[in-house]
Amino acid sequence: MVSDAVKWLLLSWSPFMSQMSASHGPSLLAVVREYRKMMDRIKRRAGVWKPSTPLKYSELEEWLDKKKFYEAMFNKREFGKEMDKNNLQAFFKDCGKVFTEQQLDQVLHMVSPGLTSKIKSIKKHQALEMAFTLFPPAGAKQTTPVLVKSTWVQPIVDGDDGSGYLVSGHPSLNAADIRVAGELVASSMREWKMKNLSAQNLL
């Protein structure tokens, strides 16, 4: 049930939000209901017993922007309003996020409890739920429940795919001494060569 105060707030936002929310639901009120229900689900998965979501313009706007972006990335890979489950990693890669299959299976199980191994295709609402569960919007007041590990092959910076920062730069990378990284790589290569030579000599 939407309170009179919320209805009044929506009316005051109407000139600004109506056009933005037009592609997300039949009315601004319906979009707000969908937003608050999703925030509640995210909070409950994080262990919040009695979730509540105060309505803030900036947080609703952020959610709409991210929802539109995730939908666009899903549309690139959908067929018959569904996406092959094997494309989940590529979908999140398009979104700038890097996850292993195990991490995605874990979140899919949170979003759609049951035998996730039998799921062969992902619907749009499932993909959106996974995306917002992995990276909760400001309105959820939660941090990501999935630990994303950074590796040399797939560097993670602030939860995002860090490979692009190798070209554009990032404060974390700029602060690092490239000579230390270079020496570490060179040392690893020398160790690998020595192990190979030792193995050949034993043959």
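One can find the structure itself at the top, above this paragraph.
This section reports on the structure supplied with the text.

Each value, and the rule that gives it
Residues numbered from 1 in each chain as written. Predicted model: local features only at pLDDT ≥ 70, side-chain atom pairs only at ≥ 80, totals over all residues. Heavy atoms only, no water. Helix = DSSP H or I, 4+ residues; strand = E, 2+ residues; numbered from the N terminus. Buried < 20%, exposed > 50% of the residue type's maximum accessible area, 1.4 Å probe, protein only. Contact = heavy atoms within 4.5 Å. Expected span 1.5 Å × (residues − 1). Arc of directions from axis to C-beta. Axes fitted to C-alpha atoms, helices over the stretch in contact; angles between N-to-C directions. Parallel < 35°, antiparallel > 145°, perpendicular 65-115°, else oblique. Left-handed = near helix turned anticlockwise from the far one by under 90°. Nonpolar A, V, L, I, M, F, W, Y, C, P; charged D, E, K, R; others polar. Core = buried A, V, L, I, M, F, W, Y, C linked by side-chain atoms within 4.5 Å. Phe/Tyr/Trp six-rings, centres within 6.5 Å; stacked < 30°, edge-to-face > 60°. Salt bridge = Lys/Arg side-chain N within 4 Å of Asp/Glu carboxyl O.

From N to C terminus, the protein chain includes nine helices and four strands. The order of α-helices and β-strands along the protein chain, N terminus first, is α-α-α-β-α-α-β-α-β-β-α-α-α. Taking all 203 residues of the protein chain together, 33% fall into the buried category. In the protein chain, once contacts between residues fewer than 6 apart in sequence are set aside, the share between residues at least 24 apart is 62%.

Once that is clear, we can look at helix H2 (residues 28-45). Its 18 residues give H2 an end-to-end C-alpha distance of 26 Å, which sits within 8% of 26 Å, the value for a rise of 1.5 Å per residue. Residues Leu 28, Val 31, Val 32, Tyr 35, Met 38, Met 39, Ile 42 and Lys 43 constitute the buried set of H2. The arc enclosing the buried residues of H2, seen along the axis, measures out at 135°, which places them on a common side. In H2, the exposed residues that point more than 90 degrees away from the buried face are Lys 37 and Arg 44. Looking one or two places after H2, you find Gly 47, whose phi comes out positive at around 100°.

The contact between helix H3 (residues 57-75) and helix H6 (residues 124-134) brings their axes to 10 Å, and the two run at 130°. In terms of orientation, H3 and H6 fall into the oblique class. Considering the relative orientation of H3 and H6, their crossing is right-handed. Every residue of H6 that contacts H3 at Trp 63, Lys 66, Lys 67, Tyr 70, Glu 71, Phe 74 and Asn 75 is listed here: Lys 124, Ala 127, Leu 128, Ala 131 and Phe 132. Looking at the contact of H3 with H6, its residues break down into seven nonpolar, one polar and four charged.

On to the nonpolar core. Ranked by size, the top nonpolar core spans 34 residues in total, and within it Trp 63, Phe 91, Phe 92 and Met 130 carry the most contacts. Elements that contribute at least two residues to this core include exactly H2, H3, helix H4 (88-94), helix H5 (101-111) and H6. For this core, the leading source of residues is H2, giving seven residues. If near-sequence neighbours (up to four positions away) are discounted, Phe 92 is found in contact with Lys 97, Phe 99, Leu 104, Met 130, Ala 131 and Leu 134.

As a further point, take the packing of aromatic side chains. What describes a pair of aromatic rings is the distance from one ring centre to the other and the angle between the planes of the rings. For the coordinates displayed, the defined rule picks out seven aromatic pairs. Ring centres of Tyr 35 and Trp 63 lie 5.3 Å apart, and the angle between their planes is 55°; on these two criteria the pair is classed as tilted. Of this pair, Tyr 35 sits in helix H2 while Trp 63 is found in helix H3, placing the two residues 28 residues apart along the sequence. As far as burial versus exposure is concerned, Tyr 35 and Trp 63 are alike and both buried. Members of the aromatic cluster, each reached through a chain of ring pairs, are Tyr 35, Trp 63, Phe 69, Tyr 70 and Phe 132.

Going through the model one piece at a time under the given rule, you end up with nine salt bridges. The partner of Lys 66 in a salt bridge is Glu 62, with the nearest N and O atoms 3.1 Å apart. With a gap of four residues between them, Lys 66 and Glu 62 both fall in helix H3, about one helical turn apart. A salt bridge links Lys 123 to Glu 82, with the shortest nitrogen-to-oxygen separation between them at 2.6 Å. Remark: Glu 82 occurs in strand S1 (residues 82-84) and Lys 123 occurs in strand S2 (residues 121-123); sequence separation between them is 41 residues.

A word on H6. Counting buried residues in H6 gives nine out of eleven residues, a clear majority hidden from the surface. The inward-facing, buried residues of H6 abut H2, H3, H4, H5 and S2.

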